[in-house]
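# Breakdown of the fold
Listed below, chain by chain, are the residues.
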Amino acid sequence: MITSIGDVMRKCYDKGWITTRDGNVSLRRKDSKILYITPSGWRKTIIHPEHIVKCKILENKRLVTPEGCNPSGELFMHYLIQKNAQSTRAVLHVHATNIVAAMYAGFSLPEIASHFPEIYRYTRVGASVSSVPALSEELAIETSDNLGIKEDGSYDFDIVGQKNHGVCAIGKNPWDAYEHIERLDHICEIVLKGTMIR
Ligand SMILES: [Zn+2]
């Protein structure tokens, strides 16, 4: 599963959802204290298991980063989404082009999703996060809140958009999180094209 972190980032790069050094993924296995997360600033096209940073979420929920390691600048967002997870969980953040474009054009992502069964049957779309700075505490807290992350580890939505920035998705593994983004990006592309024709 650790190998799939790099595979997913390469696929996201191929899709044009990130530029070379953007995007981040974290992974936490069931009952594990280790939070695997992509390093900051590393070229995502050449990311492999040996580059992944292994942080720890202690019993008291304190986050520990190993000395000399440089985890993703969005670590706090991943931590908030992962800290109470009860089963294996992957969190993927990228800048999926059509999703960001749809938000920029003023569309509500939950509303768009409600029109297309190929997404609403499999993916729960939460309200978009407002336009707050990348890497900020506000982005982390609002993303976690809009996903509906609970103290017992459950959550209400699989994906939320982040206005003027990107998207954050939760899955059972990195590919599962990727699929939520792919579905939403696809229907956003359809809606944007449909609006252009009108
Ligand atoms: Zn970002």
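Relevant structure appears above.
A brief look at the structure comes next. (Residues numbered from 1 in each chain as written. Predicted model: local features only at pLDDT ≥ 70, side-chain atom pairs only at ≥ 80, totals over all residues. Heavy atoms only, no water.)

Here we come to the overall build of the protein chain. The helix and strand inventory of the protein chain stands at 7 helices and 7 strands. The helix and strand sequence of the protein chain, counted from the amino end, reads α-β-β-β-β-α-β-α-α-α-α-β-β-α. Taking 198 residues into account, the globule formula puts the C-alpha radius of gyration at 16 Å, and the protein chain, at 16 Å, falls close to it. With respect to the principal axes defined by its C-alpha atoms, the protein chain has extents near 55 × 35 × 30 Å. Burial statistics for the protein chain: of 198 residues in total, 48% are counted as buried. (Helix = DSSP H or I, 4+ residues; strand = E, 2+ residues; numbered from the N terminus. Rg over C-alpha atoms; globule rule 2.2 N^0.38 Å. Buried < 20%, exposed > 50% of the residue type's maximum accessible area, 1.4 Å probe, protein only.)

Turning to the packing of aromatic side chains, a few remarks are in order. For the structure shown, the criterion picks out 3 aromatic pairs. Seen from their ring centres, Trp 17 and Tyr 178 are 5.3 Å apart, and the 35° between their planes marks the pair as tilted. Residue Trp 17 is found in the loop between helix 1 (2–14) and strand 1 (24–28), and its partner Tyr 178 is found in helix 7 (residues 174–197); the two are separated by 161 residues along the sequence. Owing to a relative accessible area of 3%, Tyr 178 belongs among the buried residues under this scheme. (Phe/Tyr/Trp six-rings, centres within 6.5 Å; stacked < 30°, edge-to-face > 60°.)

Below, the discussion takes up the coordination of the zinc ion. Note on the zinc ion: its protein donors are His 93 (NE2), His 95 (NE2) and His 165 (NE2). The metal-donor distances range over 2.1 Å. In primary-sequence terms, the residues that donate to the zinc ion follow H-x1-H-x69-H. Of this pair, His 93 sits in strand 5 (residues 89–94) while His 165 sits in the loop between strand 6 (159–162) and strand 7 (166–171), and the two are 72 residues apart along the sequence. In this structure, His 93 and His 165 share a single accessibility class: buried. (Donors = N, O, S within 2.8 Å, 3.2 Å for Na, K, Ca; no water.)

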